[in-house]
Amino acid sequence: MLAMHHMTPVEVTQISNLHTLILEINSEVALFRDLLIHVGQSRDCPELREKIRKLRRSCVEACKHTAALILPQIRTNNSTSNKNFINRDRSCIADVGLPFYFLAA
């Protein structure tokens, strides 16, 4: 669970927007699935297939847009976490008395 009390109002708004985008994608995927069930059955028609094509395109665009918003934040967080992890390991090795060049391997 996210600790909203440590976030700025801008961050809270961004998370709310992402939540909305993710819910929208989830709804589109559910509708896409429901439409696909009718392919090859009595309700199959060119209009249904066009609706499926449009919905698929819309879903792909929504996923790309959401990924563009989420991935930079994940990369930033992972980068910070990795740096902290490396610094912690270096200090542990220094405490043990191993030479620093063992980390370069």
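The name an unreviewed UniProt entry assigns to the protein chain is Syntaxin N-terminal domain-containing protein, from the organism Anopheles epiroticus. The record held by UniProt for the protein chain lists under Sequence similarities (unreviewed entry) the comment "Belongs to the RGS7BP/RGS9BP family."

Student: Looking at this structure, how should I read the overall build of the protein chain?
Tutor: Secondary structure summary: the protein chain contains 2 helices and 0 strands in total. Counted over contacts in the protein chain with a minimum sequence separation of 6, partners at least 24 positions apart contribute 49%. Just so you have it, the protein chain exposes about 8,500 Å², and 61% of that area is on carbon and sulfur atoms.

Student: What exactly am I supposed to notice about the confidence of the model for the protein chain here?
Tutor: Regions with low pLDDT should not have their predicted coordinates read in detail. Summarising the model, the protein chain shows a mean pLDDT of 76, and 63% of its residues fall at 70 or more. Note that residues 92-105 has pLDDT below 50 and, in this model, 5 contacts with residues that lie over four places away or in other chains.

Student: When you look at the pattern of salt bridges in this model, what are you seeing that I'm missing?
Tutor: Pairing is possible between side chains of opposite charge, provided their charged atoms come close. Enumeration over the complete set of coordinates arrives at 4 salt bridges. One salt bridge in this structure joins Asp44 and Arg49, with 2.7 Å as the shortest N-O distance. A relative accessible area of 22% means that Asp44 is categorised as partly exposed. The salt bridge involving Glu50 is made with Arg53; its shortest N-O contact spans 3.0 Å. Pair noted here: Glu50 and Arg53 are both in helix α2 (residues 46-96), with a separation of 3 residues, about one helical turn. Taking the relative accessible area as the measure of exposure, Glu50 reaches 31% and is therefore partly exposed.

Student: Sorry if this is basic, but what is going on with the side chain of Thr66 here?
Tutor: You can see Thr66 is positioned in helix α2. In this structure Thr66 comes out as buried when scored by relative accessible area, which is 5%. Excluding anything up to four places from it in sequence, Thr66 contacts Leu18, Leu21, Ile22 and Ile25.

What counts, and at which threshold
- Residues numbered from 1 in each chain as written.
- Predicted model: local features only at pLDDT ≥ 70, side-chain atom pairs only at ≥ 80, totals over all residues.
- Heavy atoms only, no water.
- UniProt positions renumbered as here; feature names shortened; annotations may be inferred.
- Helix = DSSP H or I, 4+ residues; strand = E, 2+ residues; numbered from the N terminus.
- Contact = heavy atoms within 4.5 Å.
- Areas by Shrake-Rupley, 256 points an atom, 1.4 Å probe, with all protein chains shown as cover.
- pLDDT = per-residue confidence, 0-100.
- Salt bridge = Lys/Arg side-chain N within 4 Å of Asp/Glu carboxyl O.
- Buried < 20%, exposed > 50% of the residue type's maximum accessible area, 1.4 Å probe, protein only.

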